[in-house]
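Summary of structural features
Residue-level listing of the chains:
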Amino acid sequence: QVQLAESGGGLVQPGGSLRLSCAASGSRFSTTTMAWYRQAPGKERELVAAISSGGRINYVDSVKGRFTISRDNAKNTVYLQMDKLEPEDTAVYLCNVEDYTSNPYGVDYWGKGTLVTVSS
């Protein structure tokens, strides 16, 4: 059974930093896209950043230059370094793994989410 374990959320002041981690287990991942989404109260879920197994990266415009996504393939772990945080970044951040190892159309897995609150 695939499990995604997220950590690193919390309360931070504007301008501060947090680092989120998501470790995937329960499958022999070899070809995946790993991503972070977020959902703020009353808003739709949005893709924040994604990184493919080949290292291709994309970010939503609002976080470019402030957030950095990375992955450790040996640990099946994806990270999101968030700097210069703004109150508008407040949301539940969810880890997503799209696994293409055994299915060319991809199988989606989701974490339960970790809350990030940016407030003074």
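Report follows, based on the coordinates. Predicted, not measured: the structure shown is a model, and the values here were computed from it.

1. Some points on the environment of glutamate 98
Following the sequence through the fold, glutamate 98 ends up in strand β9 (residues 91-99). Judged by relative accessible area, glutamate 98 falls into the partly exposed class, the value being 23%. Residue contacts for glutamate 98: discarding those within four places in its chain leaves Thr31, Thr32, Thr33, Tyr105, Gly106, Val107 and Asp108. There is a polar contact of 3.2 Å between the side chain of glutamate 98 and the side chain of tyrosine 100.

2. Here's the deal with unusual backbone geometry
The phi angle at asparagine 76 is positive, at roughly 50°, despite the residue not being glycine. Structurally, the position occupied by asparagine 76 is in the loop between β7 (67-72) and β8 (77-82). The phi angle at lysine 84 is positive, at roughly 50°, despite the residue not being glycine. Residue position: lysine 84 is located in the loop between β8 and β9. Relative accessible area serves as the criterion here: at 57%, lysine 84 is assigned to the exposed category.

3. Some points on the nonpolar core
Ranked by size, the top nonpolar core spans 27 residues in total, and within it Trp36, Val48, Phe67, Val78, Leu80, Met82 and Tyr93 carry the most contacts. Where this core is concerned, the elements lending two or more residues are β3 (18-25), β4 (32-39), β5 (46-52), β7, β8, β9 and β11 (114-118).

4. Here's the deal with the pairing of β9
Counting buried residues in β9 gives 7 out of 9 residues, a clear majority hidden from the surface. Summarising the sheet, β4 and β9 pair through 8 bridges and their orientation is antiparallel. Paired with tyrosine 37 across the bridge in β9 is leucine 94. Bridge analysis of β9 against β11 gives 3 bridges, and the strand direction is antiparallel. Looking at β11, one finds that tyrosine 93 is bridged to threonine 114. As paired elements, β9 and strand β10 (residues 107-110) share 4 bridges and run antiparallel to each other.

Parameters at a glance
Residues numbered from 1 in each chain as written. Predicted model: local features only at pLDDT ≥ 70, side-chain atom pairs only at ≥ 80, totals over all residues. Heavy atoms only, no water. Helix = DSSP H or I, 4+ residues; strand = E, 2+ residues; numbered from the N terminus. Buried < 20%, exposed > 50% of the residue type's maximum accessible area, 1.4 Å probe, protein only. Contact = heavy atoms within 4.5 Å. Polar contact = N/O pair within 3.5 Å; in protein donor to acceptor, adjacent residues only side chain to side chain. Core = buried A, V, L, I, M, F, W, Y, C linked by side-chain atoms within 4.5 Å. Pairing = 2+ DSSP bridges.

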